[in-house]
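# Examination of the molecular architecture
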Amino acid sequence: MATVQESELKVIVFQLKNEEYALPVQFVRSIEKVQHITRVPRTAHYVKGVINLRGVVTPIIDLRERFGFSSVPYSEQTRIIIVALQDIEVGLIVDAASDVLDVPASSIEPPPETIEAVEADYIHGVAKVGKRLLILLNLEKVLGTERRSS
Amino acid sequence: MDMSQYLEVFIDESKEHLQTINEQLLELEKAPEDMSIVNEIFRSAHTLKGMSATMGFEDLANLTHQMENVLDGIRNHKITVTSEILDVVFQAVDHLEAMITSIAEGGDGKRDVEEIVEQLKRIERGESPTELVTEQPSPSSTSLSQTYGEFEYNVLQQSKEQGFFAYEIRVKLRADCLLKAARVFMVFEALNEAGEVIKSNPPVEMLEEEQFDQEFIVTVVSKKSAEELRERIMKVSEIEEVDVVPFDVEERKKASVAEAAKAEAKQQEAATVQTEEKKQQQKQKKGSEPNAATKHSASANKTIRVNIERLDILMNLFEELVIDRGRLEQISRELNHPELHETVERMSRISSDLQNIILNMRMVPVETVFNRFPRMVRQLARELGKKVNLEIIGAETELDRTVIDEIGDPLVHLLRNAIDHGIETPDVRRASGKPEEGTVKLKAYHSGNHVFIEIEDDGAGINRDKVLQKAIDKGVVSKQNAENLTDKQIYELIFAPGFSTADKISDISGRGVGLDVVKSTIESLGGTVTVDSEEGKGSLFSIQLPLTLSIISVLLVEIQQEKYAIPLSSIIETAIIKKEDIFHAHNQQVIDFRGKVVPLVFLKEIFEIPTVAEEEEFVSIVIVRKGEKMAGLVVDSFIGQQEVVLKSLGNYLTSVFAISGATILGDGQVALIIDCNALIK
């Protein structure tokens, strides 16, 4: 850890509709394969239901649907990223989760005005790491707004 | 190492002692002559004083000390128990409680207690606010002569026949004597060497506990001379004075008989004096017995304190086990292997036993909630100028800790309600031919998987028309609807939000918090509350509560490919009916169920369940109820009954319609638990 400078941000990188997104590791509890999801009736369309995560009933959000992308059938690559924000624990369905990266704080820029599809609101910033462009998510916004069941 | 690690124990024990004091004070009010009660209070106060002094809470120790002095006065018959005195003592206890609470909440337990201390001091000096202190004829004063019971006379008589002399010895200790009990012991030892101690005043137990001033009297039979006895006693250090007076048993007996006769003659004038004195003597004797009895029961029932958190962890672990048990049962059914089957069945049985034990461990007698009520009722009755007798039945009934924690406030509310609105003032009661003292019965009992708590009063009851009028005024019901309501339905209206029937808003229950809060609290615990009443005779509030909140019995049902759990507590029965038997009425599908029209709720539509299979000729229906109302939940098939662990959906999905929680089934999947109350309108 000695080489890691304080100004670096450790993130989990995942794919969603051919883009690379990132979440700071401190929010991530675990990464799971897709398992049986029990649908919860009369909730928001992007809430896929709940799973049994080692004895804890955990709600699952499909991030594609959350961002209004077209949904695709789940594949071998599909992952559920279990995130925790304060007392809320939720699983996020993503196309794939690839790796963990250190992002220098200096490379993070505010979100550009015209980023494709995803509302700028959900985005915390954009980071360039080598040739890759990572979209840093604002977890509070992703979970926070209109999270009440419809 | 500091005191903080003992703080928790201190707080717990202090609360227990305060509780004892509270209870016993109430007892004392009923039986002011019973010295065993005073002793009990004294013991608790004494322990409390010692503990708080050790922990460094001086205000607490001071006030307890002062209270102890008053109790001591009562015990030594220097102070007569009156409700005025008890009021002051109760106030002192209130202060103590406030201090303990402050300490428990991390405060320093400091409080201005000067006024109450002053009051207690005044009582102690005999000047009490209402000056009802009378000096009881203290046997240790002036005359040496003691009175003896039949048995003691017999002993004395027999000793005399065997050549023993009887003496009455007054021993006075020096004022600066430090170890009074030790000196007493040495005196007794000296006397027992020379003869036998027949009786002492105050009794030995009190002497041992140093509950006397400076002198005491013992009656001794001995073959030694008076002077010799005196010398023996004077050998004990710190003795100031010893009087040895020989007496003749027969003469004394005659005298006492004569006195009794005289007293009898006087009885017309002072009928109560003697009986009271007798009573006191009896009570005094009794006082020493419960002492031993309580000690005995304490040792017979060994307990340890376990942090509730640990029990919660144990419970959580066990819940995991229950889930795996379900899974194992399913696997063994699928494999159909006899040995596996047998083992799993055995394990299931053991884990059921384990479940019972763990659930029992979390059970707390409702007493812990009930025991603060007598105080409250007493105070409330005094404030309102009413006479109320609170009867508590079934305080030993046990409930889950989590339910206990929640049930206190609703009960307080209902009790206040019963006393404020139910019980009438004494003159009204007299006018209507009832005893002046109203009765409020608080009753708890088990029935099936539920605990019932009932609050019954013999007061005015609910005025049907008044309630109805108010409900219409407040727009709780429409006039048209009102006409069709049964009495019971009208009474239930008092639980409607924004309802209060008291003519004047009183400080007691007119705080703007209605019975609707009571209802919703109880319902949030999975319970129900109902009311029944007869005008002029009284009302009965009945609360039904589940035994435990974490493991419940459910009926698993299947709708298309989804599984749902319906709590057995709300199911009346299940039925399979033909499609043709469904009727339409008022835009609703209903069935005729045992002569009643029951509306159907199609779960498939309500829960927007995707259709995969064709519907069949027959429909399966689960009849559920909410109070008096019923509904038929339409499902595809019944899977079976199962014990499941109730889990919450977490903090993200709050307030999902008609879903009260989730559970994990044997196959590891999550099934949602249906909240039937939300489905019945």
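None of these values were measured; they are calculated from a predicted model.

### Some remarks on the overall build of chain A
Check the secondary structure of chain A and you find 2 helices and 11 strands. The linear arrangement of helices and strands in chain A, starting from the amino end, is β-β-β-β-β-α-β-β-β-β-β-β-α. Evaluated residue by residue, chain A yields a buried proportion of 33% over its 150 residues. Sequence separation of at least 24 residues holds for 54% of the intrachain contacts in chain A that already meet a minimum separation of 6.

### A closer look at the overall build of chain B
When helices and strands are counted, chain B shows 23 helices and 22 strands. When each of the 681 residues of chain B is scored for burial, the buried share is 31%. Across chain B, the fraction of contacts at a sequence separation of at least 24, relative to all contacts at a separation of at least 6, is 69%.

### Comments concerning the sheet that holds strand E4 (residues 239-246) of chain B
In any sheet, the strands associate via hydrogen bonds between backbone groups, in a parallel or an antiparallel arrangement. All names here are of chain B. The 4 strands lie next to each other as E2-E3-E1-E4, forming an open sheet whose pairing is antiparallel. Each of the sheet's edge strands pairs with one partner strand only, and the pair in question is strand E2 (195-201) and E4. Adjacent strand axes in the sheet meet at a mean angle of 25° when their direction is disregarded. Bridge count between strand E1 (residues 165-173) and E4: 7 bridges; the pairing is antiparallel. Across the sheet, residue Val171 finds its bridge partner in E4, namely Val242. Along the sheet, helix H9 (residues 226-234) makes contact with E1, strand E3 (215-222) and E4, crossing E4 at roughly 160°.

### Things to note about the interface of chain A and chain B
At the junction of the two partners, chain A supplies 22 residues and chain B supplies 22 residues. At the level of elements, strand E4 (47-53), strand E5 (56-62) and strand E7 (88-94) of chain A are the ones that each hand at least two residues to the side of chain A that touches chain B. Counting residues per element, the side of chain A that touches chain B draws most heavily on E4 of chain A, which supplies 4 residues. Considered class by class, the residues forming the side of chain A that touches chain B number 10 nonpolar, 7 polar and 5 charged.

### Focus on the nonpolar core
Ranked by size, the top nonpolar core spans 76 residues in total, and within it Ile12, Ala22, Ile81, Leu92 and Leu134 of chain A together with Ile566 and Leu633 of chain B carry the most contacts. Both domain 3 (308-362) and domain 5 (551-679) of chain B contribute no fewer than three residues apiece to this core. Apart from residues lying up to four places away in sequence, Ala22 of chain A is in contact with Val11, Ile12, Val13, Ala127, Leu134, Ile135 and Leu136 of chain A. Counting residues in each nonpolar core, the second largest holds 40 residues, with Leu399, Leu411, Leu468 and Val529 of chain B among its members.

### A short note on unusual backbone geometry
Phi angles above zero are rare outside glycine, and Gln86 of chain A is one such case at about 50°. The residue Gln86 of chain A is located in the loop between strand E6 (79-85) and E7 in this model. The phi dihedral of Asn587 of chain B is positive, around 65°, even though this residue is not glycine. You can see Asn587 of chain B is positioned in the loop between strand E15 (583-585) and strand E16 (588-593). Residue Asn587 of chain B is classed as exposed on the basis of its 5 C-beta neighbours within 10 Å.

### Describing the pairing of E16 of chain B
All names here are of chain B. Here E15 runs beside E16; their pairing, made up of 3 bridges, is antiparallel. Pairing of His584 across the sheet is with Gln589, part of E16. Adjacent in sequence and paired antiparallel, E15 and E16 are bridged by 2 residues, among which His586 carries a positive phi angle near 50°. Here E16 runs beside strand E17 (residues 596-602); their pairing, made up of 4 bridges, is antiparallel. Counterpart to Val590 in the pairing with E17 is Pro599.

### Section: the packing of helix H7 (residues 180-194) of chain B against H9 of chain B
Residue and element names in this part refer to chain B. Look at H7 against H9: their axes get within 9 Å of each other, and the N-to-C directions meet at 145°. Classified by chirality, the crossing of H9 by H7 is right-handed. In this structure, H7 uses Val187, Ala190 and Ala194 to contact H9, whose residues at the interface are Leu229, Arg232 and Ile233. Taken together, the residues of the contact of H7 with H9 sort by class into 5 nonpolar, no polar and 1 charged.

### So, the sheet that holds E6 of chain A
All names here are of chain A. Strand order in this open sheet of 5 strands is E3-E6-E7-E5-E4, and the pairing throughout is mixed. Both edges of this open sheet fall to strand E3 (28-33) and E4, since each of them pairs with a single strand only. Pairwise comparison of adjacent strand axes, ignoring direction, gives a mean angle of 30° for this sheet.

### Things to note about the confidence of the model for chain B
Residues and elements named next belong to chain B. Overall, the prediction assigns chain B a mean pLDDT of 78, with 86% of residues at 70 or greater. Within the model, pLDDT remains below 50 along residues 267-299, and this stretch shows 19 contacts once partners closer than five positions in the same chain are excluded. Segment residues 503-512 is flagged for pLDDT under 50; beyond a separation of four residues in sequence, or across chains, it makes 12 contacts in the model. Listed scores for the predicted complex are pTM 0.50 and ipTM 0.86.

### Description of helix H12 (residues 308-335) of chain B
All names here are of chain B. Over its 28 residues, H12 runs 40 Å from end to end, which matches the ideal 40 Å to within 8%, given 1.5 Å per residue. On its buried face, H12 sits against helix H13 (338-361), strand E12 (551-559), strand E20 (637-645) and strand E21 (659-664). Backbone geometry just after H12 places Asn336 at a positive phi near 55°.

### Looking at helix H4 (residues 83-104) of chain B
Residue and element names in this part refer to chain B. Counted at 1.5 Å a residue, the expected span for H4 with its 22 residues is 32 Å, and the 30 Å between its end C-alpha atoms agrees. Buried within H4 we find Ile85, Val88, Val89, Ala92, Val93, His95, Leu96, Met99, Ile100 and Ile103. Here the buried residues of H4 occupy an arc of 155° about the axis, which is enough to place them on one side. Residue Gly106 follows H4 closely and has a positive phi angle near 95°.

### Digging into the environment of His95 of chain B
The topology assignment puts His95 of chain B in helix H4. Not counting the four nearest positions on each side in its chain, His95 of chain B is found in contact with Leu63, Arg111, Val113 and Ile116 of chain B.

### With respect to the environment of Ser332 of chain B
Residue and element names in this part refer to chain B. Take Ser332: it is sitting in helix H12. C-alpha separation for the pair Ser332 and Glu342, spaced 10 residues apart in sequence, amounts to 9.1 Å. Each residue touching Ser332, except ones within four places of it in the same chain, is listed here: His337, Leu340, His341 and Val344.

### Concerning the confidence of the model for chain A
All names here are of chain A. Looking at chain A, the pLDDT average stands at 84 and 87% of residues meet or exceed 70. The model gives residues 1-5 a pLDDT under 50, and that stretch makes 1 contact with residues more than four places away or in other chains. Ignoring residues within four places in sequence, the model shows residues 146-150, a span with pLDDT below 50, making 11 contacts including any to other chains.

Analysis parameters
Position numbers for residues count from 1 along each chain, tracking the sequence in the order it is written. Working convention: letters from A go to chains and numbers from 1 go to ligands, in the order in which they are written. Predicted model: local features are reported for residues with pLDDT of at least 70 only, side-chain atom pairs are reported and counted for 80 or more only, and whole-chain, interface and lining totals are derived from all residues. Helix and strand definitions here come from DSSP, where helices need a minimum of 4 consecutive H or I residues and strands a minimum of 2 consecutive E residues; each element is numbered from the N-terminal end. Exposure classification rests on a simple neighbour count of other C-beta atoms within 10 Å of a residue's own: a residue reaching 20 or more is buried, one at 12 or fewer is exposed, and one in between is partly exposed. C-beta atoms are placed from the backbone. With C-beta atoms placed from the backbone, a contact is any residue pair whose C-beta atoms sit within 7 Å. Here the rule is simple: two strands pair whenever DSSP picks up at least two bridges between them. Axes here mean lines fitted to C-alpha atoms, for a helix over just the part in contact, with angles spanning 0 to 180 degrees between N-to-C directions. The classification used treats Ala, Val, Leu, Ile, Met, Phe, Trp, Tyr, Cys and Pro as nonpolar, Asp, Glu, Lys and Arg as charged, and all other residues, Gly among them, as polar. Note on terminology: a nonpolar core is any set of buried Ala, Val, Leu, Ile, Met, Phe, Trp, Tyr and Cys residues joined through C-beta atoms within 7 Å. All the domain ranges listed were derived from an automatic or database domain assignment. Each helix crossing is assigned a hand: it is left-handed if the near helix lies turned anticlockwise from the far helix by less than a right angle, otherwise right-handed if that turn is clockwise. Confidence of the predictor in every single residue is expressed as pLDDT, which spans 0 to 100. In a helix, the anticipated span is given by 1.5 Å times the number of residues less one. Picture the helix axis, draw a direction to every C-beta atom, and the arc is the one those directions span.

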